[in-house]
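# Structural features, examined
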Amino acid sequence: NVNYRTGWINWFVNYGVTYRESPGRGFTDNFYNRADTTYFIDQINRRLRAGVSQNVRFGSDIYLNNTNIITLSASYRTSDQENTTKTLYDFYDETRAPLDFSRRRVDNEDETDLNWQYEVEYTRDFARRGQKLTFDFQFQDSNEIEISAFDDVTKFDDMPNQPLIQRSENDNGETRTLVQLDYI
């Protein structure tokens, strides 16, 4: 954080960086009882979500006088994540004896987020203690892109099949505007 005040203007800049790594795992035991067959599927998941995000906010507080302040600011946030999920499916008959059939699915996902926000805030303090008027205008534009590559291998009678390669791309965007007036 850096602040510099000269006369009636306070300039500020804030910067932050974060690295996060979140492992996870899960187990699901599924039982299927149909008219022609009964079987079990055990599903084992292992996940690792990891990524770096950075943000910067800059702007100024403009002191019109002792009771009126205008704040102008902009912020930018970006993050880049690499997420991997490995799922193993084991198949069993109705007595829980292993079948010669299994499936392994790996999802490698790259995710990128970008976010811009602009803000104008006005504050007026009144003579009576605790009495205040605030006006806030915010505009936010964000975008998220997720690209996944799925590697799906099925094994039957100890003979691996050709992997099934799938790709997925999701591009999500959002624009928000906030206008708020408060009198306390």
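Overview of the structure. (Residues numbered from 1 in each chain as written. Predicted model: local features only at pLDDT ≥ 70, side-chain atom pairs only at ≥ 80, totals over all residues. Heavy atoms only, no water.)

Moving on, we get to the pairing of strand β4 (residues 68-93). Where strand β3 (residues 38-63) and β4 come together, 25 bridges link them in antiparallel fashion. In the sheet register, Arg49 faces β4, and the bridge partner there is Asn83. Following β3, the chain reverses through 4 residues before pairing antiparallel with β4. With 24 bridges connecting them, β4 and strand β5 (residues 98-125) associate as antiparallel partners. Residue pairing in the sheet places Tyr92 in a bridge with Pro98 of β5. Counting the residues that bridge the hairpin from β4 to β5 gives 4 residues, and of these Arg96 lies at a positive phi of roughly 75 degrees. (Pairing = 2+ DSSP bridges. Helix = DSSP H or I, 4+ residues; strand = E, 2+ residues; numbered from the N terminus.)

Now for a nonpolar patch on the surface. A contiguous nonpolar surface patch, about 1000 Å² in accessible area, is contributed by Val2, Val13, Phe58, Leu72, Trp116, Tyr118, Val120, Phe135, Phe137, Phe139, Val179 and Leu181. At the level of secondary structure, the elements contributing two or more residues to the nonpolar patch comprise β5, β6 (132-156) and β8 (164-183). Turning to its location among the elements, Val13 is positioned in strand β2 (residues 9-33). For Val13, a relative accessible area of 40% puts it in the partly exposed group. (Patch = residues over 30% accessible without salt bridge, like charges linked within 9 Å, V, L, I, M, F, W, Y side chains within 5 Å. Areas by Shrake-Rupley, 256 points an atom, 1.4 Å probe, with all protein chains shown as cover. Salt bridge = Lys/Arg side-chain N within 4 Å of Asp/Glu carboxyl O. Buried < 20%, exposed > 50% of the residue type's maximum accessible area, 1.4 Å probe, protein only.)

A few words on the pattern of salt bridges. Summed over all chains, the structure comprises 4 salt bridges. A salt bridge links Arg105 to Asp152; its shortest N-O distance comes to 2.8 Å. Here Arg105, found in strand β5, pairs with Asp152, found in strand β6; they are 47 residues apart in sequence, far enough to count as distant. Here the residues in one salt-bridge network are Asp29, Asp42 and Arg96, joined through shared partners.

Function cannot be read off these values alone, since they describe shape.
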